[in-house]
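Overview (structure and organization)
Each chain is listed here by its residues.
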Amino acid sequence: MARQLRAEQTRSTIITAAADLFDRRGYESTSLSDIVEHAHVTKGALYFHFAAKEDLAHAILELQSHTARRLATETDSRGHTSLEALMRLTFGITRKSVEDPVLRAGLRLATGGIRPRPPLSHPFTEWLDIVTARLVGAVKESDVHPDVDIDVVAHSLVCFFVGTRVVGRSREPVARQPRRTAEMWNILIRGLVPVTRRARYLSLAARLEREIAPV
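Residues numbered from 1 in each chain as written. Predicted model: local features only at pLDDT ≥ 70, side-chain atom pairs only at ≥ 80, totals over all residues. Heavy atoms only, no water.

Concerning the nonpolar core
Membership of the largest hydrophobic core comes to 36 residues, with the highest contact counts inside it found for L83, M87, V131, L135, W185, I189 and Y201. Residue assignment for this core shows that the elements contributing at least two residues are α4 (53-76), α5 (82-99), α7 (123-140), α8 (150-171), α9 (177-192) and α10 (195-212). Every residue in contact with L135, bar those within four places of it in the chain, is listed here: L86, I150, V153 and A154. One finds L32, V41, L56 and A59 within the second-largest nonpolar core, a separate group that totals 24 residues. (Core = buried A, V, L, I, M, F, W, Y, C linked by side-chain atoms within 4.5 Å. Buried < 20%, exposed > 50% of the residue type's maximum accessible area, 1.4 Å probe, protein only. Helix = DSSP H or I, 4+ residues; strand = E, 2+ residues; numbered from the N terminus. Contact = heavy atoms within 4.5 Å.)

As structure tokens, this is what we get:
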């Protein structure tokens, strides 16, 4: 049992080190030797868990997918409206991205041409499915205008969310992401939510930003 625990800890250490380097340097510019040095493990330990750098990339994408699905399940289980659940999910992913290099690396890998292995979907396909389901619910609950094109809005929201993080990565500190997520929602709410319900969701966006903003 102790040996298994040490092996799991070593694997986690290697993944975190690889994610940090992939996030800061990029996948192509990071070698296995760089990861060994950054993780403070031996080459033998790395090869015991991962036969190639590509295996590390897929492990990171799997963790990113697991986190997104877990956060989606958690927000759905708390009795929020569909729109609030969607907002809380985006702020939750933002918070995790600020704290965790694995999620930041997952985004960089996803935008850099790394394809997940089946049966894992591409992160953007998964996010589109998650967003679409909640927008459908928001329309039924009259929190989003009934005449919107759900597919277009879902695609635009995912592009907005991903693009903000990609652009921000090279222009500003990661701690700025909660503000950018709130700005995104301020724009979307004014375009999607009926006037009579708008104040509630604008207030929610401001509150969620305060809750996750670094001190």
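After that view of the structure, there is still more to cover.
Description of the packing of α4 against α7
The interhelical angle for the contact between α4 and α7, taken along N-to-C directions, is 10°, at an axis separation of 10 Å. Put simply, α4 runs roughly parallel to α7. Of the residues in α7, those touching α4 at L61, Q64, S65, A68, R69, A72 and D76 are P123, E126, W127, I130 and R134. Of the residues assigned to the contact of α4 with α7, the class counts are 6 nonpolar, 2 polar and 4 charged. (Axes fitted to C-alpha atoms, helices over the stretch in contact; angles between N-to-C directions. Parallel < 35°, antiparallel > 145°, perpendicular 65-115°, else oblique. Nonpolar A, V, L, I, M, F, W, Y, C, P; charged D, E, K, R; others polar.)

Things to note about the side chain of Q177
For Q177, the location among the structural elements is in helix α9. Judged by relative accessible area, Q177 falls into the buried class, the value being 14%. Residues in contact with Q177, not counting those within four places in the same chain, are T94, S97, V98 and R165.

Overview of the packing of aromatic side chains
Tallying each qualifying case throughout the model produces 3 aromatic pairs. Taken together, a centroid distance of 5.7 Å and an interplanar angle of 55° make the contact between F124 and W127 tilted. Pair noted here: F124 and W127 are both in helix α7, with a separation of 3 residues, about one helical turn. Taken together, F124, W127 and F161 form an aromatic cluster joined through their ring pairs. Across the ring face of F161, the terminal group of R165 is positioned such that the distance to the ring centre comes to 5.1 Å. (Phe/Tyr/Trp six-rings, centres within 6.5 Å; stacked < 30°, edge-to-face > 60°. Lys NZ or Arg CZ within 6 Å of the ring centre and 35° of its normal.)

So, the UniProt feature "domain: HTH tetR-type" (unreviewed entry) in the protein chain
In the numbering used here, UniProt assigns the "domain: HTH tetR-type" (unreviewed entry) feature to residues 8-68. Annotation note: span residues 8-68, helix share 80%, strand share 0%, distance between end C-alpha atoms 22 Å. (UniProt positions renumbered as here; feature names shortened; annotations may be inferred.)

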